[in-house]
Amino acid sequence: MNIELIAAAQQGDQDACDRLVRENAGLIWSIVRRYYGRGAEPEDLYQLGCMGFLKAIRGFDLSYGTQFSTYAVPKIAGEIRRYLRDDGAVKVGRGLREQALNIFAARERLSHQLGREPAISELSAETGLTAEEIAAAELAAAPPESLQQELSDGLTLESTLRSSEGEEAMMEKIALRSAIDTLPESEKKTILLRFFKGLTQAQTARILAVSQVQVSRLERRALERLRKDFALQD
C-alpha cells in the first residue's frame, strides 16, 4: 500500500481517494462476496464496502506498523454488517442510498479540507443537492434504533414520557407511534432523529439545518405535546 497516497487522501486529495478505491477494489469485493445471498444487491454491498474503506483511510494512523489492509478489512466488513442488520426494519430506495453515499464522501472530503464539520450550505454546494435533499438522504440512511436505546444524555424516549412495564407496554408503544405521527413535521423529525435514530442534538441540528437551540426547543415542544396526549389517555 502506498503510504504517500494514504497521506494525501487523509489531507483531502480526492484523486488519491479515488485511486486507492480503484486499486483496492479486489480487496473490497473479496469481503463483499462473504455477504452474498442476504437480500442485498452486490453493487449496493460494494458501495457500502467503499464507505467502510474510506472510513479506514480517515482513521488509519500512519505511524503504526500495521498493514493498512489489516486495518481496513474490519472497517469494510463492519459497514456491510451494520447495513444488513438495520436494513430489515426500514427499506430505503437505491436513489436515496446513493445520495447518502455521495453525501458521506463529500462530508469526509470537506472535513479534511476545512478541518471541521462542513455546514449544510457547504455540503449543498459540494454535492449539488438542496439542504432538504441532504436531510432526507441522511435521515433515510441513518440506522433505526429501538425506543429503549439510551442516548448520550442517558434518556430514552419512553423514559421521558412515562415508565411503562407489564402487559400494557406494547399498546403504549403503538399509541406513542400514532401520537408522533400527529406532530408538526419539524417536531416529528426531531423526535425521530433524537430518540429513534439515537442522534445528539448537535447531529440533529446539522441534518435539519437549524441551530442546536432550535432543536432543543422543537424537542421540548414535541415532548410536551406527547405528554399531554398520554395524559388524556389516562
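Residues numbered from 1 in each chain as written. Predicted model: local features only at pLDDT ≥ 70, side-chain atom pairs only at ≥ 80, totals over all residues. Heavy atoms only, no water.

**A closer look at helix α1 (residues 3-10)**
Along an α-helix, residues three or four apart share an orientation, since each turn contains 3.6 residues. Considered for burial, the residues of α1 that qualify are Leu5, Ile6, Ala9 and Gln10. Looking down the long axis of α1, one finds its buried residues gathered within 140 degrees of arc, a one-sided arrangement. Immediately downstream of α1, the backbone of Gly12 shows phi near 95 degrees, a positive value. (Buried < 20%, exposed > 50% of the residue type's maximum accessible area, 1.4 Å probe, protein only. Helix = DSSP H or I, 4+ residues; strand = E, 2+ residues; numbered from the N terminus. Arc of directions from axis to C-beta.)

**Describing the packing of α1 against helix α2 (residues 14-23)**
Taken N-terminus to C-terminus, the directions of α1 and α2 make an angle of 130 degrees; their axes are 8 Å apart at the nearest point. In terms of their interaxial angle, α1 and α2 are classed as oblique. Crossing angle aside, the handedness with which α1 passes α2 is left-handed. Contacts between α1 and α2 involve Leu5, Ile6, Ala8 and Ala9 from the first element and Ala16, Cys17, Arg19, Leu20 and Glu23 from the second. Tallied by class, the residues present in the contact of α1 with α2 amount to seven nonpolar, no polar and two charged. (Axes fitted to C-alpha atoms, helices over the stretch in contact; angles between N-to-C directions. Parallel < 35°, antiparallel > 145°, perpendicular 65-115°, else oblique. Left-handed = near helix turned anticlockwise from the far one by under 90°. Contact = heavy atoms within 4.5 Å. Nonpolar A, V, L, I, M, F, W, Y, C, P; charged D, E, K, R; others polar.)

**Description of the environment of Glu138**
Among the secondary structure elements, Glu138 is positioned in helix α8 (residues 131-141). Exposure remark for Glu138: the relative accessible area of 13% places this residue in the buried category. Remark: the alpha-carbon pair of Glu138 and Leu96, spanning 42 residues in sequence, is separated by 8.5 Å. Every residue in contact with Glu138, bar those within four places of it in the chain, is listed here: Ile103, Arg107 and Ile207.

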